[in-house]
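Overview (structure and organization)
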Amino acid sequence: MADKQISLPAKLINGGIAGLIGVTCVFPIDLAKTRLQNQQNGQRMYTSMSDCLIKTIRSEGYFGMYRGAAVNLTLVTPEKAIKLAANDFFRHHLSKDGKKLTLLREMLAGCGAGTCQVIVTTPMEMLKIQLQDAGRIAAQKKLMAAQAQLSSSSAAGAAEPVVEARPTATQITRELLRSKGIAGLYKGLGATLLRDVPFSIVYFPLFANLNKLGQKDPNVKAPFYVSFLSGCVAGSTAAVAVNPCDVIKTRLQSLQRGVNEDTYSGILDCTKKIWQKEGPMAFLKGAYCRALVIAPLFGIAQVVYFIGIAEFLLDMLPKHRA
């Protein structure tokens, strides 16, 4: 197989470049997903993805849609690099004399990749979610203050405006490390594993088999558009399949709550409360947003990874030294 001849540094660079390009393209949709998933049956701010994005632009400006993007752009490089390179590593070691992997071995390779990536994914998602959801909570507080002002204006006069406090990723990191140590950044680790391991088990075998359909010769890479479409289909399918786990993870990792919103002590407590108070459909909140995020993200990732931009860059280094 051609991909086994690619060096580890090249795989890591390809994965990083793929992650950067993908995140830049789809981050606003990811922000909408987080805010929709964190809404409970109390004060609902948004009715859909488009409603969320429109209201975000109106209240926070265009760049409000990119809150938390800096965290993702910083950490998505090692995250995607680990995920893609780990899958190749496990596929290589699970193969027998270069023979085709069985479905079970493909799933085991995906399981290994998903387990490895949470080292970076958990703190990345932890910080990103706080920054993404801060605008929703601030808007909710403004709305509640405005309603209170209207109801008491005749007796008490104008109320003081709500001051928005939006900490930075650095401030959140320092506070978590000060109060809870490194474990603070890994809150929701179990839920992240519960999402990312099944995702990789579904995604990687599905992508590999879809991509093979576009290969005319087993020793020649599929055309780039086949890799792109295979990544999109496999990514969106896996994303929707594990969306209930993503809802639970998002709720558990959110440090701030809106008005009358529940808090959770763990995965089982979160699952029980969502089922009882919001119904089973609540586990599909943000599913279409997540599919829209993951499809192009992994489509782009696989195109960059399989084209092998890094091989070209690494090949050029000796020429510059000479």
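In what follows, the structure referred to is the one given above.
To keep things clear, this report deals only with the structure shown in the data block. Keep in mind that this is a model prediction, so the values were computed, not measured.

Criteria and cut-off values
- Residues numbered from 1 in each chain as written.
- Predicted model: local features only at pLDDT ≥ 70, side-chain atom pairs only at ≥ 80, totals over all residues.
- Heavy atoms only, no water.
- Salt bridge = Lys/Arg side-chain N within 4 Å of Asp/Glu carboxyl O.
- Helix = DSSP H or I, 4+ residues; strand = E, 2+ residues; numbered from the N terminus.
- Buried < 20%, exposed > 50% of the residue type's maximum accessible area, 1.4 Å probe, protein only.
- Phe/Tyr/Trp six-rings, centres within 6.5 Å; stacked < 30°, edge-to-face > 60°.
- Patch = residues over 30% accessible without salt bridge, like charges linked within 9 Å, V, L, I, M, F, W, Y side chains within 5 Å.
- Areas by Shrake-Rupley, 256 points an atom, 1.4 Å probe, with all protein chains shown as cover.
- Polar contact = N/O pair within 3.5 Å; in protein donor to acceptor, adjacent residues only side chain to side chain.
- Contact = heavy atoms within 4.5 Å.
- Core = buried A, V, L, I, M, F, W, Y, C linked by side-chain atoms within 4.5 Å.
- Expected span 1.5 Å × (residues − 1).
- Arc of directions from axis to C-beta.
- Lys, Arg positive; Asp, Glu negative; His and termini not counted.
- Axes fitted to C-alpha atoms, helices over the stretch in contact; angles between N-to-C directions.
- Parallel < 35°, antiparallel > 145°, perpendicular 65-115°, else oblique.
- Left-handed = near helix turned anticlockwise from the far one by under 90°.

1. Notes on the pattern of salt bridges
Under the counting rule described, the total for this entry stands at 19 salt bridges. A salt bridge links Asp-30 to Lys-128, with the nearest nitrogen and oxygen atoms 2.8 Å apart. Residue Asp-30 is located in helix α1 (residues 8–38), and its partner Lys-128 is located in helix α4 (residues 103–156); the two are separated by 98 residues in the primary sequence. Each member of the pair, Asp-30 as well as Lys-128, carries the same accessibility label: buried. A salt bridge links Glu-175 to Arg-178; its shortest N-O distance comes to 2.7 Å. With Glu-175 and Arg-178 both in helix α5 (residues 169–180) and three residues apart, this pair spans about one turn of that helix. One salt-bridge network, in which partners are shared between bridges, spans Asp-30, Lys-33, Glu-125, Lys-128, Arg-195, Asp-196, Asp-246 and Lys-249.

2. Focus: the packing of aromatic side chains
All chains considered together, the criterion is met by ten aromatic pairs. Measuring from centroid to centroid gives 5.7 Å for Phe-199 and Tyr-203, while their planes differ by 10 degrees, and the two rings are stacked. A residue pair is termed a helical-turn pair when its members lie 3 or 4 positions apart in one helix, as Phe-199 and Tyr-203 do in helix α7 (residues 189–212) at four residues. Comparing Phe-199 with Tyr-203, the two get one shared label, buried. Here the aromatic rings of Tyr-203 and Phe-204 are separated by 5.0 Å at their centres, their planes lie at 75 degrees, and the arrangement is edge-to-face. In textbook terms, an aromatic cluster arises when at least three aromatic residues are bridged by ring pairs, as seen for Phe-199, Tyr-203, Phe-204, Phe-207 and Phe-298.

3. Remarks on a nonpolar patch on the surface
A cluster of nonpolar side chains, contributed by Phe-224, Tyr-225, Phe-228 and Leu-229, occupies part of the molecular surface with about 430 Å² of accessible area. Position of Leu-229 among the secondary structure elements: in helix α8 (residues 224–241).

4. Points about the side chain of Thr-34
Following the sequence through the fold, Thr-34 ends up in helix α1. For Thr-34, the side chain forms a polar contact with the side chain of Gln-132, separated by 2.6 Å. If near-sequence neighbours (up to four positions away) are discounted, Thr-34 is found in contact with Ile-129, Gln-132, Asp-133 and Thr-250.

5. Thoughts on the nonpolar core
In summary, soluble globular proteins display a tendency toward joint burial of nonpolar side chains. One finds Val-23, Phe-199, Tyr-203, Phe-204, Ile-294, Leu-297 and Phe-298 to be the most contacted residues of the largest nonpolar core, which totals 18 residues. Mapped onto this core, the elements with two or more residues apiece are α1, α3 (69–94), α7, α8 and α11 (287–307). Core analysis: the next-biggest nonpolar cluster, separate from the first, contains 13 residues, Ala-32, Leu-36, Tyr-46 and Leu-53 among them.

6. Focus on α5
An α-helical turn contains 3.6 residues, so any two residues separated by three or four positions project in the same direction. Across its twelve residues, α5 extends 16 Å between first and last C-alpha, which sits within 8% of the 16 Å expected from 1.5 Å per residue. For α5, every residue scored as buried is listed here: Ala-169, Ile-172 and Leu-176. Seen from one end, α5 has its buried residues packed into an arc of 65 degrees, which puts them on one side. Seen from the open side of α5, the exposed residues pointing more than 90 degrees away from its buried face are Arg-174 and Arg-178. One or two steps after α5, the chain reaches Gly-181, where phi turns positive at roughly 75 degrees.

7. Some points on helix α9 (residues 243–253)
Burial within α9 is extensive, with ten of its eleven residues counted as buried. Looking at α9, one finds that the buried residues are Asn-243, Cys-245, Asp-246, Val-247, Ile-248, Lys-249, Thr-250, Arg-251, Leu-252 and Gln-253.

8. Remarks on the side chain of Arg-290
For Arg-290, the position within the fold is in helix α11. For the buried Arg-290, no salt bridge exists, and the shortest N-O distance to an oppositely charged side chain is 4.1 Å, to Asp-246. For Arg-290, the residues in contact, after removing those within four places along its chain, are Lys-33, Arg-195, Phe-199, Ala-239, Val-242, Asn-243 and Asp-246.

9. Structural notes on the packing of α7 against α8
Running from N to C, α7 and α8 point in directions that differ by 150 degrees, and their axes come no closer than 8 Å. The angle between the axes of α7 and α8 places the two elements in the roughly antiparallel class. Along this stretch, α7 crosses α8, giving a crossing that reads as right-handed. Contacts between α7 and α8 involve Phe-199, Val-202, Tyr-203, Leu-206, Phe-207, Leu-210 and Asn-211 from the first element and Val-226, Ser-227, Ser-230, Gly-231, Val-233, Ala-234, Gly-235, Thr-237, Ala-238 and Ala-239 from the second.

Nothing here speaks to function; it is all geometry.
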